[in-house]
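Examination of the molecular architecture
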Amino acid sequence: MKMNPQSWLKDFSALPPSVIRRLVWVGGGFLFFSIFLKVTWELYEDSALRLLDQRILIFIAKLRIPILNGAAVDLTALGSATLIALFTILGLVLLWLNADRLGCLYLVIGSVGAGIWAFLLKQLFTRDRPTVVPHLVAVSGFSYPSGHSLTATSFYLLIMFLAWRYYQSWKSRFVLLACTVTMIGIIGFSRLYLGVHYPSDVLSGMCFGAAWVLFFTAYF
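Computed from a predicted model, the values in this text were never measured in an experiment. (Residues numbered from 1 in each chain as written. Predicted model: local features only at pLDDT ≥ 70, side-chain atom pairs only at ≥ 80, totals over all residues. Heavy atoms only, no water.)

Our focus in this paragraph is the environment of Trp-170. With respect to the secondary-structure elements, Trp-170 resides in helix 8 (residues 170-193). Put simply, Trp-170 and Ala-99 are 71 residues apart on the chain and 26 Å apart in space, counted from C-alpha to C-alpha. (Helix = DSSP H or I, 4+ residues; strand = E, 2+ residues; numbered from the N terminus.)

With that out of the way, let us pick up the layout of surface pockets. The computed volume of the largest pocket comes to approximately 970 Å³. In this structure, the largest pocket is lined by 31 residues; those nearest its centre are Trp-25, Phe-161, Trp-164, Leu-214 and Thr-217. At the level of elements, helix 2 (17-45), helix 6 (101-125), helix 7 (147-164), helix 8 and helix 9 (199-219) are the ones that each hand at least two residues to the lining of the largest pocket. A total of eight residues in the lining of the largest pocket trace back to one element, the largest contributor, which is helix 2. Tallied by class, the residues present in the lining of the largest pocket amount to 21 nonpolar, six polar and four charged. Considering only enclosed or pocket space, the second largest pocket measures out at about 400 Å³ in volume. The wall of the second largest pocket is formed by 22 residues, among which Gly-79, Ala-81, Gly-115, Gly-147 and Thr-151 lie closest to the centre. Counting only elements with at least two residues in the lining of the second largest pocket, the list comes to helix 5 (81-97), helix 6 and helix 7. Among the elements that line the lining of the second largest pocket, the one with the most residues is helix 6, at six residues. A breakdown of the residues in the lining of the second largest pocket according to their chemical character gives nine nonpolar, ten polar and three charged. (1 Å grid on protein atoms, 1.4 Å probe; cavity = no way out; pocket = protein on both sides within 12 Å on 5 of 7 lines; lining within 4 Å. Points joined across faces, edges and corners; volume = space filled by probe spheres on them. Nonpolar A, V, L, I, M, F, W, Y, C, P; charged D, E, K, R; others polar.)

Quick look at the packing of helix 7 against helix 9 now. Relative to each other, helix 7 and helix 9 sit at 35°, their axes nearing to 7 Å. Helix-helix and strand crossings are classified by hand; for helix 7 and helix 9 the assignment is right-handed. Residues Ser-149, Leu-150, Thr-153, Ser-154, Leu-157, Leu-158 and Phe-161 of helix 7 touch helix 9, and the partners they reach there are Val-202, Gly-205, Met-206, Phe-208, Gly-209, Ala-210, Trp-212, Val-213, Leu-214, Phe-216 and Thr-217. In terms of residue class, the contact of helix 7 with helix 9 is built from twelve nonpolar, six polar and no charged. (Axes fitted to C-alpha atoms, helices over the stretch in contact; angles between N-to-C directions. Left-handed = near helix turned anticlockwise from the far one by under 90°. Contact = heavy atoms within 4.5 Å.)

By size, the foremost hydrophobic cluster in this structure holds 35 residues, and its most contacted members are Phe-36, Tyr-106, Tyr-156, Phe-161 and Val-213. Put simply, the parts of the chain that give this core at least two residues each are helix 2, helix 5, helix 6, helix 7, helix 8 and helix 9. If one sorts the elements of this core by residue count, helix 7 sits on top with ten residues. Not counting chain neighbours up to four residues away, the residues in contact with Val-213 comprise Tyr-106, Ser-154, Leu-157, Leu-158 and Phe-161. Formed by eleven residues, the second largest nonpolar core is a distinct cluster that contains Tyr-193, Leu-194, Val-196 and Val-202. (Core = buried A, V, L, I, M, F, W, Y, C linked by side-chain atoms within 4.5 Å. Buried < 20%, exposed > 50% of the residue type's maximum accessible area, 1.4 Å probe, protein only.)

This is how it looks when you write it as structure tokens:
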């Protein structure tokens with residue numbers, strides 16, 4: 001039995017907007033989660049990715065200059081557990097003052113959930129930190145996936161989706177999305193610049209963080 005694309009599109013467009021939005025969130029979540037699974041599979045099944053990780057890290061280390069070293073430390077702090085916790089508390093206060101109880105619940109569960117996922121995944125994969133380049137900051141714990149990338153991606157996407165409710169135009173939402181993606185990208189790159197994560201650590205952290213928020217947003 002052949003499927004008629006026009007009939008399928010007609011049926012899809014007839015769905016309530018809330019259902020369509022939920023399908024979009026779920027579809028996006030599956031896309032990012034699939035990338036996370038692909039990177040993880042390739043990392044542990046193919047040494048070529050591990051070699052590429054090292055080459056990229058060495059290349060980025062050659063770009064280091066003293067004036068950027070301090071900036072990288074400051075920028076990477078935007079994804080640290082301490083600042084994310086402080087930002088979450090500040091966000092909860094603002095949402096509570098605006099009587100947005102649902103927003104408070106959304107933010108706290110999303111942020112705490114991302115932290116828990118980061119801890120559990122690190123304990124599951126137990127990948128050691130890079131040793132091919134010197135670290136510019138002291139670090140501990142496992143490397144895969146990047147906790148900074150995962151929690152920062154989750155937190156700033158959560159804030160973006162909360163802000164979207166107050167900005168209905170697509171132009172405003174695009175600006176918010178661009179700012180959010182830029183912030184996440186800067187934090188992820190800072191982890192590579194500091195030499196404390198492989199590129200695959202950062203990519204997988206970003207993808208899992210995005211998947212978590214999209215799935216969570218779809219069913220919240």
